[in-house]
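Here are the chains, one letter per residue:
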Amino acid sequence: MSTNNAYYIPHKATWPVMATAGLLTTLAGFANYLNGSSIGSPLMMLGFAIFIVMVAGWFTLQATESESGMYNHGVGVSYRMGMMWFIFSEVMFFAVFFGTLWYTRNLSVPWLGGEGAKVATKLLWSNYTATWPTNGPGNVGGHFEPMGAFGLPFVNTLLLLSSGVTCTWAHHGLLAKKRDQLIKGLIATVGLGFLFVLCQAFEYHEAYTEMGLTLGSGIYGSTFFMLTGFHGFHVCVGAIILSVVLFRSAKGHFTPENHFAFEAAAWYWHFVDVVWLGLFVFVYLM
Amino acid sequence: MSAVTAEHDHDDHHHDDHSHGPEKGWLRWVVTTNHKDIGTLYLLFALAMFFVGGTMAMIIRAELFEPGMQFVDPQFFNSMTTMHALVMVFGAVMPAFVGLANWMVPMMIGAPDMALPRMNNMSFWLLVAGVLLLASTLFMEGGAPAGGWTLYPPLVLQTGKALPFAIFSVHLLGVSSIMGAINIVATILNMRAPSMSLMKMPMFVWTWLITGFLLIAIMPVFAGAVTMLLTDKFFHTSFFDAAGGGDPVLYQHIFWFFGHPEVYVMILPTFGVASTIIPVFARKPLFGYSSMVYATAAIAFLSFIVWAHHMFTVGMPISGELYFMYATMLIAIPTGVKVFNWTATMWKGAMTFETPMLFSIAFVVLFTLGGFTGLMMSIAPADFQYHDSYFIVAHFHYTLVPASIFMLMAAGYYWMPKWTGHMYNEKIGQLHFWLSTISVNILFFPQHFLGLAGMPRRIPDYAIQFSDWNMISSIGGFIFGASQLLFLYIVVDTIKGGTGEKVTDEVWEDAHKHGLEWTLPSPVPYHTFSTPPTVIPCDHD
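All figures in this text were calculated on a predicted structure; none of them were measured in a lab.

1. Section: the overall build of chain A
Then comes step 1: Helix and strand counts for chain A come out as eight helices and zero strands.
Then comes step 2: If one aligns the C-alpha atoms of chain A with their principal axes, the spans along those axes are about 80 × 45 × 35 Å.
Then comes step 3: Looking at chain A as a whole, 39% of its 286 residues qualify as buried.
Then comes step 4: The long-range fraction of contacts in chain A, counting pairs at least 24 apart against all pairs at least 6 apart in sequence, stands at 70%.

Next comes the structure, spelled out in structure tokens:
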């Protein structure tokens with residue numbers, strides 16, 4: 001059995017402990033910040049800095065090992081399985097917030113409006129009529145306008161869908177050994193991704209300054225910003241991952257047979273894409 | 001070529017890294033990527049947390065020894081019930097099973113290590129970080145979380161400075177569990193020896209494959225739920241506030257969508273250990289292997305569609321009550337399949353009663369008892385009486401202590417000779433077993449009576465008519481707690497040399513017929529199965 005047939009098992013690892021230290025410091029800092037303690041912010045920034053250094057170091061190590069041929073087919077399969085199951089966990093995370101939206105729109109808001117003969121709600125809020133969007137019988141957060149579907153959100157749908165196409169185009173370039181197509185495709189994908197984030201920033205700005213729509217606008221504001229916010233965060237992360245893949249492609253990394261990082265980034269990107277379609281239908285359209 | 005010879009000549013070829021021994025010094029434990037090292041870390045950490053959580057339980061039982069307020073104030077008492085649960089679930093039982101998976105899964109399937117060794121290290125240290133955050137809340141203004149481990153709003157939102165720490169602790173523990181689960185699932189699906197098909201895998205591996213899937217599916221759900229608690233408290237959202245159009249009951253639905261599969265996360269590997277140990281000491285193959293696999297999968301599936309049986313009294317539509325009642329009752333079927341299979345495995349077997357087997361038999365009997373009370377509570381109209389009473393406390397402690405904890409002890413006795421190369425002291429082991437089994441029943445059985453008579457759970461004081469059974473329960477609790485020190489003694493003693501008796505590779509008579517781990521030397525070398533074994537023992541037809 002030749003050397004590169006063996007499953008690569010690192011002898012030791014220092015990055016994981018650093019990752020843990022970074023995450024622990026960040027979260028302890030954030031918790032202190034939320035409690036109004038002055039050491040919160042500096043602690044959070046320190047933790048985040050540790051985390052960034054760790055991510056850079058760990059991924060550089062992985063890329064170097066991968067390029068030097070230390071990973072056999074089995075290692076590649078493990079990585080792919082890891083990424084698949086990670087995306088599945090992300091699906092479940094988003095499912096919570098989609099489920100919340102479904103539950104409030106179809107069950108709890110109608111109950112507040114008196115459906116199902118709920119005696120307590122009749123006593124508490126006899127004048128409330130269940131509608132959607134709503135900020136509840138308490139008019140929490142004051143008057144707001146809901147976000148329409150066919151402004152920036154529709155533009156964003158087109159942006160993300162085209163970025164999915166350019167990403168696949170780049171993959172075809174990689175498989176056909178057309179380095180130029182790979183790089184151009186990735187540049188387009190990353191560009192469209194960041195453009196999406198920019199549009200969303202405008203959308204949020206408009207919501208806060210002109211429409212009275214905030215995270216505090218009752219259940220509509222809560223679900224709207226939680227869903228689109230977590231999605232936007234994932235777009236940012238996905239675009240950063242794709243930028244790294246772009247940088248590595250420009251350095252000549254990846255072969256048609258061996259390009260796990262590209263695949264993982266592309267899977268993640270398509271996942272983010274699909275979540276957006278769900279958002280567009282259930283948050284904006286319906 | 002047999003597994004053993006494959007092992008013995010593993011140094012001659014292969015990648016350099018494979019022939020390394022452990023790092024020198026204490027840093028070995030910080031930077032290790034070895035599945036055996038990480039398994040040991042998980043197991044020792046879980047054992048430590050078992051005693052931390054156990055101490056909290058002793059405080060609870062001391063306060064409940066007599067009616068009236070004795071030792072602690074009610075707020076602290078409530079912190080103890082909350083923290084006892086969180087520490088035991090996330091700090092002791094779950095990590096202990098992950099530790100067993102780390103140690104045993106690669107050896108059982110003939111793999112050189114876990115699929116993702118670096119991430120394996122991170123899973124463990126994130127667990128420590130999460131538990132540190134949780135433990136820190138004990139020393140904070142306003143005290144540790146005291147609203148119950150379920151963290152129901154609006155009550156939990158009244159927690160003091162501890163709230164964000166508890167929430168972030170859940171996030172870290174969640175990430176740790178997901179990483180651990182992904183690693184185990186990838187190992188099982190990708191790293192099996194070539195001739196080990198899925199239906200040849202040991203039951204312990206099967207139960208962990210399914211548990212891993214459960215964990216990946218539910219931990220993000222819990223993370224989402226507590227994230228909404230965080231934003232409701234600090235960022236003005238209204239998820240669980242009816243005035244803003246939200247609903248506190250929504251939290252309960254999300255929590256139990258996580259929480260119900262979570263209880264199977266703690267019991268499925270328990271089943272796996274039982275299915276591993278019973279055949280060895282009954283000297284028979286496991287009865288009904290494939291039905292065990294399908295029953296495990298069926299339990300996992302059902303666990304996702306029964307969550308609201310934890311909420312029968314919350315005010316659900318009658319159709320909801322009925323659906324969740326019938327769906328819950330269905331779980332008795334695959335669980336019954338398992339209990340009958342274990343019994344049938346023992347039937348006409350040439351049984352011997354070493355400590356692991358004693359714990360396993362007690363598990364089958366006492367877990368069944370906990371299962372029956374579960375069936376009682378699945379009946380919605382009856383549950384209106386039992387809900388939030390000591391009856392439920394008795395029920396789930398029967399499924400966790402003489403089930404999960406007992407099988408973790410059994411696993412310790414069963415595999416410790418393989419891990420350390422030393423035999424534990426059988427006499428003290430059996431003393432530990434008898435003390436534990438008798439006291440656990442003195443501890444929890446009277447709680448059924450208390451609950452049926454109407455004593456509510458999570459309360460530091462009670463009416464005078466509950467005095468007698470509470471005192472008996474507390475006495476059982478103290479004996480049970482003290483007995484566990486015997487286990488601690490045995491662990492330390494066995495690591496240091498045990499009885500001095502030289503253990504063979506198979507340790508237990510004919511164990512090599514039941515699992516690959518018994519074909520390896522005792523103690524197990526640092527690296528095993530650098531080349532996959534070609535001969536696979538198969539414990540079933």
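2. Brief notes about the overall build of chain B
Then comes step 1: If you tally the helices and strands in chain B, you get 16 helices and zero strands.
Then comes step 2: The C-alpha radius of gyration computed for chain B amounts to 23 Å, which stays within 12% of the reference 24 Å derived for 541 residues, consistent with globular compactness.
Then comes step 3: With the C-alpha coordinates aligned to their principal axes, the bounding extent of chain B is approximately 70 × 50 × 45 Å.
Then comes step 4: Considering only residue pairs separated by 6 or more positions, chain B has 81% of its internal contacts joining residues 24 or more positions apart.

3. Structural notes on the domain arrangement of chain A
Then comes step 1: Per the domain assignment, the segments of chain A are domain 1 (10-67) and domain 2 (82-94 + 139-285).
Then comes step 2: The C-alpha centroid of domain 2 of chain A is placed 24 Å from the C-alpha centroid of domain 1 of chain A.

4. Let's talk about the confidence of the model for chain B
Then comes step 1: On average, residues of chain B score 94 in pLDDT, and 96% of them are at 70 or above.
Then comes step 2: Long-range and interchain partners of residues 1-18 of chain B, a stretch whose pLDDT sits below 50, account for 32 contacts in this model, where long-range means more than four residues apart.

5. Concerning helix α2 (residues 40-67) of chain A
Then comes step 1: Counted at 1.5 Å a residue, the expected span for α2 of chain A with its 28 residues is 40 Å, and the 40 Å between its end C-alpha atoms agrees.
Then comes step 2: Residues of α2 of chain A that are buried include every one of L43, G47, M54 and S66 of chain A, and no others.

6. A few points about the nonpolar core
Then comes step 1: By size, the foremost hydrophobic cluster in this structure holds 240 residues, and its most contacted members are I109, V205, A225, M407 and A410 of chain B.
Then comes step 2: At 22 residues, the largest contribution of residues to this core is made by helix α4 (residues 74-109) of chain B.
Then comes step 3: In terms of domain composition, this core takes at least three residues from each of domain 1 (10-67) and domain 2 (82-94 + 139-285) of chain A.
Then comes step 4: V205 of chain B has contacts with V105, M108, I109 and I188 of chain B, leaving out every residue within four places of it along the chain.
Then comes step 5: The next biggest cluster of nonpolar side chains, apart from the first, holds seven residues, and it includes A6, Y8, I9 and Y79 of chain A.

7. Remarks on the interface of chain B and chain A
Then comes step 1: Contact with chain B, which involves 60 residues of that partner, is made by 56 residues of chain A.
Then comes step 2: At the level of secondary structure, the elements contributing two or more residues to the side of chain B that touches chain A comprise α2 (27-31), α5 (117-136), α6 (162-190), α7 (203-234) and α8 (248-282) of chain B.
Then comes step 3: Per-element tally for the side of chain B that touches chain A: the top contributor is α6 of chain B, with eleven residues.
Then comes step 4: The residue makeup of the side of chain B that touches chain A, split by class, is 34 nonpolar, 20 polar and six charged.

8. A closer look at the packing of helix α1 (residues 15-34) of chain A against α5 of chain B
Then comes step 1: Two numbers describe how α1 of chain A lies on α5 of chain B: the axes approach to 8 Å, and their chain directions differ by 30°. In terms of orientation, α1 of chain A lies roughly parallel with respect to α5 of chain B. Considering only the axes of α1 of chain A and α5 of chain B, their crossing is right-handed. Residues W15, P16, V17, A19, T20, L23, L24, L27 and A28 of chain A of α1 of chain A form the contact with α5 of chain B, whose own contacting residues are R118, N121, M122, W125, L126, A129 and L133 of chain B.

9. Observations regarding α7 of chain B
Side chains three or four residues apart in an α-helix point the same way, a direct result of the helix having 3.6 residues per turn.
All names here are of chain B.
Then comes step 1: For α7, built from 32 residues, the straight-helix expectation of 46 Å at 1.5 Å per residue is met to within 8% by its first-to-last C-alpha distance of 46 Å.
Then comes step 2: Across the 32 residues of α7, 29 count as buried, placing the element largely inside the fold.
Then comes step 3: Following α7 by one or two positions, H236 has its phi on the positive side, about 65°.

10. Thoughts on unusual backbone geometry
Then comes step 1: Here W132 of chain A and P133 of chain A are connected by a cis peptide whose omega angle stands at 0°.
Then comes step 2: Considering the arrangement of structural elements, one finds P133 of chain A in the loop between α4 (119-124) and α5 (152-175).
Then comes step 3: Of the consecutive residues S522 of chain B and P523 of chain B, the connecting peptide bond is found in the cis state with omega at -5°.
Then comes step 4: Structurally, P523 of chain B can be placed in the segment after α16 (467-495).
Then comes step 5: Backbone geometry places K177 of chain A, a non-glycine residue, at a positive phi of 60°.
Then comes step 6: Relative to the helices and strands, K177 of chain A is located in the loop between α5 and α6 (179-209).

11. Things to note about the packing of helix α14 (residues 390-420) of chain B against α16 of chain B
Residue and element names in this part refer to chain B.
Then comes step 1: Where α14 meets α16, the closest approach of the two axes is 10 Å, and the angle between their N-to-C directions is 10°. Taken as axis vectors, α14 and α16 run roughly parallel relative to one another. Residues M409, G412, M416 and T420 of α14 lie in contact with α16, whose contacting residues are F487, V491, T494 and I495.
Then comes step 2: Here the residues of the contact of α14 with α16 are counted per class, giving five nonpolar, three polar and no charged.

12. Focus on the environment of G91 of chain B
Residue and element names in this part refer to chain B.
Then comes step 1: Tracing the chain through its elements places G91 in helix α4.
Then comes step 2: Considering only alpha carbons, one finds G91 and L47, 44 residues apart in sequence, at a separation of 9.0 Å.
Then comes step 3: The residues touching G91, leaving out its near neighbours within four places in the chain, are M49, G53 and V131.

Parameters and conventions
- Residues numbered from 1 in each chain as written.
- Chains lettered and ligands numbered in written order.
- Predicted model: local features only at pLDDT ≥ 70, side-chain atom pairs only at ≥ 80, totals over all residues.
- Helix = DSSP H or I, 4+ residues; strand = E, 2+ residues; numbered from the N terminus.
- Buried ≥ 20, exposed ≤ 12 C-beta atoms within 10 Å, placed from the backbone.
- Contact = placed C-beta atoms within 7 Å.
- Rg over C-alpha atoms; globule rule 2.2 N^0.38 Å.
- Domains from an automatic or database assignment.
- pLDDT = per-residue confidence, 0-100.
- Expected span 1.5 Å × (residues − 1).
- Core = buried A, V, L, I, M, F, W, Y, C linked by C-beta atoms within 7 Å.
- Nonpolar A, V, L, I, M, F, W, Y, C, P; charged D, E, K, R; others polar.
- Axes fitted to C-alpha atoms, helices over the stretch in contact; angles between N-to-C directions.
- Parallel < 35°, antiparallel > 145°, perpendicular 65-115°, else oblique.
- Left-handed = near helix turned anticlockwise from the far one by under 90°.

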